[in-house]
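Fold and contact review
Below are the chains, spelled out letter by letter.
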Amino acid sequence: MLKYRRINHQSMDGINFDSVLNGLQKELKPYDSKETNILKIPEKGMAEGSLLETLAHYAAGENASWKEGKVSGAVYYGDEPLLSFYEKLYHIVSQTNALHPDIWPSIPKFEREIVSMSSSLMHGEDGVRGAVSSGGTESILLAMKTYRDYFRKKAGITEPEVILPSTAHPSFLKACDYFSIKPIIVGVDEHFRADVEAAKESVNGNTIAIVGSMPNFPFGTFDPIRELSETAEDRKIGMHVDACLGGFIDPFVKDSGYDFPDFDFSLGGVTSISMDTHKYGYAPKGTSVVLYRNGDFFQNQIYATASWQGGVYFTPTLLGSRPGYPIVAAWAAMLLMGRNGYRNEAKKILDAGDFIKKSVRKIPGLKVSGDPLWVIAISSDEMDPYLVWEAMSKKGWMLNGLSNPPGFHLALTHRHTLSTVKEKFVADLGESVDSVRKGEVKASAMAPIYGMASALPKESTDVFLKSIVEWLYSQ
Ligand SMILES: Cc1ncc(COP(=O)(O)O)c(C=O)c1O
């Protein structure tokens, strides 16, 4: 049953919202028709066994695709011995809260060690400071807020602007939205790398920072960080390197025999870096590291007040209460893996990425965008790539849709290094292209959303997408 508050359709001229929701129902709210939705806390508590059974039922249906390596990104490791280890950790530290370093001083100790270990991967020196956030988005929100406050105090900038390549993760736009920073979007070149000249020309008296990604999410390509960093150093502004996706692979790319540029604190203009322990750091979900070249920047991330009746209050990140478990698990993941473990995983992923990239280039009609390493974006000049994406979905692949150019990507993880997964991906892709050529594939529920979203003006797209999200969160 579709149920949602009627929204103002006028601003979404030409869109049949009902048909969009109908299409999405099966994918995003598959249980609505089959299961009873719970609306109230039951008067009498349920039995543990029945709750566990309910969860096992959902998990059985939802875990198969990522376990088989058919999902892009999302689960970065997922092998059993590691999952059981995380369960054991949870048992020991489930009650810890980083908000109370007096009760659990081990948590900030682990956090400091995570910061040091991460910084050492990024050629950070003694003065580097940072914290563990809840994920890449929070690290990026924090870095942008930090630059806003730092340059307000240091340079009197009250109308801050940040220079973002069009491929930068949307969490930067979210930060701009939350913290009243103006995003200045610069394009990318034919290799899907930030346009350095455009970035240089965009710097003005209000600029607080330039952003570069290592790699970016859509195309997995690497921005020219050295050149961007030189501009940042020259103009005395901040430079954030988003290594959320690459932070635990980038340091090992050269060891695996592939070329790789310098991108971290070894470049003088780089003032902050985000790197996600919950992605290729192989920790469970809920942590990322944000690092600053020095404590002056970091001070602007911290919130502290003494004027509350509840006493002195401070938080280094956005959250108040902060579960200790994800921090402990990220710390343990780094120690368990060791540099050697990360290096070995990186090599496997990079080799699988190389195989897929080369194989896709051999499929007539398909193109790889730019020259990525392990996030492989595919587009086409000959056919509608969204139909290929749809044909792949029919074969069980859960890939990420892209726009401008239309296409989709596979972000390789440990799951894709398992036996025969990469070969299966390439074979299925070849068959999907054939089906599209034969006219056998119909557009998916997602394709019209991508089409409509890119055809509409921004305000309408916002209403359109927010209405879909409201529907998702409505009973
Ligand atoms: C390059 C990049 N930056 C930032 C993020 C945001 O990370 P999270 O989803 O953990 O908030 C992602 C997520 O995929 C990413 O790929």
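These notes cover the structure that comes with them. Everything quoted here is computed from the prediction, not taken from an experiment.

Quick notes on the rules
Residues numbered from 1 in each chain as written. Predicted model: local features only at pLDDT ≥ 70, side-chain atom pairs only at ≥ 80, totals over all residues. Heavy atoms only, no water. Pairing = 2+ DSSP bridges. Helix = DSSP H or I, 4+ residues; strand = E, 2+ residues; numbered from the N terminus. Contact = heavy atoms within 4.5 Å. Axes fitted to C-alpha atoms, helices over the stretch in contact; angles between N-to-C directions. Buried < 20%, exposed > 50% of the residue type's maximum accessible area, 1.4 Å probe, protein only. Right-handed = clockwise from strand over helix to strand, strands pointing away. Patch = residues over 30% accessible without salt bridge, like charges linked within 9 Å, V, L, I, M, F, W, Y side chains within 5 Å. Areas by Shrake-Rupley, 256 points an atom, 1.4 Å probe, with all protein chains shown as cover. Salt bridge = Lys/Arg side-chain N within 4 Å of Asp/Glu carboxyl O. Lys, Arg positive; Asp, Glu negative; His and termini not counted. Charge placed at Lys NZ, Arg CZ, Asp CG, Glu CD.

Section: the sheet that holds strand β10 (residues 367-368)
Strand order across the open sheet formed by 4 strands is β10-β11-β13-β12, with antiparallel pairing between neighbours. Two strands bound the open sheet, and with one partner strand each, they are β10 and β12 (400-402). Inspection of the sheet shows β12 paired to strand β13 (residues 407-411) by 3 bridges, in the antiparallel sense. Note on β13: the bridge partner recorded for Gly401 is Phe408. In this fold helix α12 (residues 385-394) packs onto β11 (375-379), β12 and β13, with an angle of close to 45 degrees to the strand it touches most, β13.

Examining the sheet that holds strand β6 (residues 272-275)
Taken in spatial order, the 7 strands line up as β1-β7-β6-β5-β4-β2-β3 in an open sheet, and their pairing is mixed. Every interior strand has two partners, whereas the edge strands, β1 (129-133) and β3 (182-186), have only one. Across this sheet, the average inter-strand angle for adjacent strands is 20 degrees, counted without regard to direction. Summarising the sheet, β6 and strand β7 (residues 288-292) pair through 4 bridges and their orientation is antiparallel. Within β7, the residue paired with Ile273 across the bridge is Leu291. Helix α6 (residues 136-155) rests against β1, β2 (161-165), β4 (207-213), β5 (238-243), β6 and β7 of the sheet, and its axis sits at about 20 degrees to β7.

A few points about the environment of Gly73
Residue placement: Gly73 occurs in the loop between α3 (64-67) and α4 (80-93). A relative accessible area of 6% places Gly73 in the buried class. Placed 43 residues apart in sequence, Gly73 and Pro30 show a C-alpha to C-alpha distance of 22 Å.

Re the pairing of β4
Within β4, 7 of the 7 residues are buried, leaving the element largely enclosed by the surrounding structure. Note that β4 and β5 share 5 bridges and pair parallel. Paired with Gly212 across the strands is Val241, a residue of β5. In this fold, the crossover linking β4 to β5 by way of helix α9 (residues 225-235) has right-handed handedness.

Some words on a negative patch on the surface
Taken together, the side chains of Glu227, Glu230, Glu233 and Asp234 define an acidic patch exposed on the protein surface. Here Glu230 shows up in helix α9. In this structure Glu230 comes out as partly exposed when scored by relative accessible area, which is 45%.

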